[in-house]
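Single-letter residue listing:
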Amino acid sequence: METLRTPDERFADLPDFPYEPRYVEVDDGEGGRLRVAYVEDGPADGETVLLLHGEPSWSFLYRRMIPVLAGAGLRVVAPDLVGFGRSDKPVSREDYSYARHVAWMRQALLEELDLSGVTLVCQDWGGLIGLRLVAENPDRFARVVVANTGLPTGDQPMSDAFLAWQRFSQESPDFQIGRIVGNGTAQGAAPEVVAAYDAPFPDDRYTAGARIFPTLVPTSPDDPAAADNRAAWEVLSRWEKPFLTAFSDSDAITRGGERVFQKRVPGAQGMAHTTLAGGGHFLQEDVGPELARVVVDLIAATPR
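The shown structure was predicted, so the numbers you read here are calculated from the model rather than taken from an experiment.

Trainee: Where do I start with the overall build of the chain in this structure?
Mentor: A tally of helices and strands in the chain yields 10 helices and 10 strands. Computed over C-alpha atoms, the radius of gyration of the chain comes to 18 Å, within 12% of the 19 Å expected from 2.2 N^0.38 for 304 residues, which places it in the range of a compact globule. Overall, the chain is about 45 × 45 × 40 Å in size when its C-alpha atoms are taken along their principal axes. Put simply, 78% of the contacts in the chain that link residues at least 6 apart link residues at least 24 apart.

Here you go:
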């Protein structure tokens, strides 16, 4: 598997992101190895909060949440998915699949880092991957917070906004990552923030993962990932540990998606679900501290 590794100097002087990267290695599935990056903050003996980003962002997305969580005595772990951030980037779009992304994060987080007692916080593809990990390894997870995400099986139609984004990702000759993230916020992004989202991608060769991700979302019942997602829903339909929805109020892509979780997951019953005002699709940018406090309050209210 041919891969690229973004030069370290691309990540110099990131705004409000002073965290030194750490690394683990995973099998690429073809006999090679991939380096997976993550950042960590907070006390090592605190309860673990796992922050999973989505498409086309990286752990920088959580910079407004990490200080709040760590300041509350929680151990925060925020990885970069393969193809994003400081993690290695396979060059060929065919090297990426939904199953591989789940396998790579399973190995990095549960096998190499051996995380347990985890509170998962997931948005966008962070949910599509993270909820599969929860379903496969329910004993590793103590709580779940879902924000602007879903677990599609292809049995229900996707929103027009998502289908438009899917087409754009494949047809646009100019795929400007930072601008895409900025456009997915309610308040817009400052130039230095746009530059930070562009940093992992020196040129278009690095963007194979970002380009292909939207096509990996199951949009038909016979999608290669549909059966595994249905199996995950079977587990989640029996999940009784705390499960909280914290969607934003201004995301056309996932609007209303919280209802299926509230209806189908037993652990969501009676929870203090919230809708965060003033947040776009990337609500971590718009209302990150508010979302972090939701997580802190949940952990305080549901001791293990």
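Trainee: Honestly, the sheet that holds strand β9 (residues 243-248) in this entry has me stumped. Any pointers?
Mentor: Hydrogen bonds between backbone groups are what pair the strands of a sheet, and the pairing can be parallel or antiparallel. The strand order across the open sheet formed by eight strands is β2-β3-β5-β4-β7-β8-β9-β10, and the pairing between neighbours is mixed. Here the strands that pair on one side only, and so sit at the sheet edges, are β2 (22-27) and β10 (274-276). Averaged over all pairs of adjacent strands, the angle between strand axes in this sheet comes to 25°, irrespective of strand direction. Relative to strand β8 (residues 141-147), strand β7 (residues 118-123) runs parallel, the two being bridged by six bridges. Note that in β8 the partner of Leu120 across the bridge is Val144.

Trainee: Any chance you could explain the packing of helix α2 (residues 98-112) against helix α3 (residues 125-136) here in plain terms?
Mentor: Two measures define how a pair of helices packs: the angle their axes make with one another and the distance between the axes. Running from amino to carboxyl end, α2 crosses α3 at an angle of 65°, the nearest separation of the two axes being 10 Å. Considering only the axes of α2 and α3, their crossing is right-handed. The segment α2 lies against α3, with Tyr98, His101, Val102, Met105, Arg106 and Leu109 engaging Trp125, Leu128, Ile129, Arg132, Leu133 and Glu136.

Trainee: Help me out: how do you make sense of the pattern of salt bridges in this one?
Mentor: Side chains carrying opposite charge are able to pair once their charged atoms draw close together. Throughout the structure, instances matching the rule amount to 14 salt bridges. One salt bridge in this structure joins Arg22 and Glu40, with 3.6 Å as the shortest N-O distance. In this pair, Arg22 sits in strand β2 while Glu40 sits in strand β3 (residues 33-41), placing the two residues 18 residues apart along the sequence. Given a relative accessible area of 15%, Glu40 falls into the buried group. Arg33 is paired through a salt bridge with Glu25; the nearest N and O atoms lie 3.5 Å apart.

Trainee: I would appreciate a short explanation of the nonpolar core in the present structure.
Mentor: Within soluble globular proteins, side chains that are nonpolar generally end up buried alongside one another. With 60 residues, the main nonpolar core has Leu50, Leu109, Leu120, Leu131, Phe141 and Phe243 as its most contacted residues. In this view, Phe243 contacts Leu131, Val144, Val146, Leu236, Phe261, Val265, Gly267, Ala268, Met271 and His273; residues no more than four positions away in its chain are not counted. Of all hydrophobic cores here, the second largest spans 38 residues; its members include Leu69, Val145, Leu244 and Leu276.

Trainee: It is not clear to me how α3 should be interpreted in this structure. Could you clarify?
Mentor: Residues that lie three or four places apart on an α-helix share one face, since the helix turns once every 3.6 residues. Along its 12 residues, α3 runs 17 Å from first to last C-alpha, staying within 8% of the 16 Å computed at 1.5 Å per residue. A large share of α3 lies buried, amounting to 11 of its 12 residues. Turning to α3, its buried residues number three or more, namely Trp125, Gly126, Gly127, Leu128, Ile129, Gly130, Leu131, Arg132, Leu133, Val134 and Ala135.

Trainee: What am I meant to see in the pairing of β9 here?
Mentor: On a regular strand, each side chain points to the face opposite its neighbour's, so the side chains alternate between the two faces of the sheet. By the criterion of burial, β9 is predominantly enclosed, with six of the six residues buried. Side chains Phe243, Thr245 and Phe247 project from β9 onto one buried face, and the interleaved Leu244, Ala246 and Ser248 project onto a second face that is buried too. One ladder, built from three bridges, connects β8 with β9; its direction is parallel. Within the sheet, the bridge partner assigned to Val144 lies in β9 and is Phe243. Pairing of β9 with β10, which is carried by three bridges, proceeds in the parallel orientation. The residue of β10 that forms the bridge with Ser248 is Leu276. Between β9 and its parallel partner β10, the chain crosses via helix α9 (residues 258-264), and the hand of that crossover is right-handed.

Trainee: Sorry, what's going on with the packing of aromatic side chains here?
Mentor: The description of an aromatic ring pair uses the distance of the two centres, along with the angle that the planes make with each other. Inspection of the entire model under this criterion finds 16 aromatic pairs. Centre to centre, the rings of Phe60 and Tyr197 are 5.1 Å apart; their planes meet at 80°, and the pair counts as edge-to-face. Of this pair, Phe60 sits in the loop between β4 (48-52) and α1 (66-71) while Tyr197 is found in helix α6 (residues 191-198), placing the two residues 137 residues apart along the sequence. Just as Phe60 is buried, Tyr197 falls in that class too. Ring geometry for Tyr96 and Trp104: centres 6.4 Å apart, planes at 85°, overall edge-to-face. By relative accessible area, which is 2% here, Trp104 ends up buried. Here a set of aromatic residues connected by ring pairs shows up, and it is made of Phe11, Phe17, Tyr19, Trp58, Phe60 and Tyr197. The side chain of Arg132 reaches across the aromatic face of Tyr98, ending 4.8 Å from its centre. Over the ring of Trp233 we find Arg264, and its NZ or CZ is 4.4 Å from the ring centre.

Thresholds applied
Residues numbered from 1 in each chain as written. Predicted model: local features only at pLDDT ≥ 70, side-chain atom pairs only at ≥ 80, totals over all residues. Heavy atoms only, no water. Helix = DSSP H or I, 4+ residues; strand = E, 2+ residues; numbered from the N terminus. Rg over C-alpha atoms; globule rule 2.2 N^0.38 Å. Contact = heavy atoms within 4.5 Å. Pairing = 2+ DSSP bridges. Axes fitted to C-alpha atoms, helices over the stretch in contact; angles between N-to-C directions. Left-handed = near helix turned anticlockwise from the far one by under 90°. Salt bridge = Lys/Arg side-chain N within 4 Å of Asp/Glu carboxyl O. Buried < 20%, exposed > 50% of the residue type's maximum accessible area, 1.4 Å probe, protein only. Core = buried A, V, L, I, M, F, W, Y, C linked by side-chain atoms within 4.5 Å. Expected span 1.5 Å × (residues − 1). Right-handed = clockwise from strand over helix to strand, strands pointing away. Phe/Tyr/Trp six-rings, centres within 6.5 Å; stacked < 30°, edge-to-face > 60°. Lys NZ or Arg CZ within 6 Å of the ring centre and 35° of its normal.

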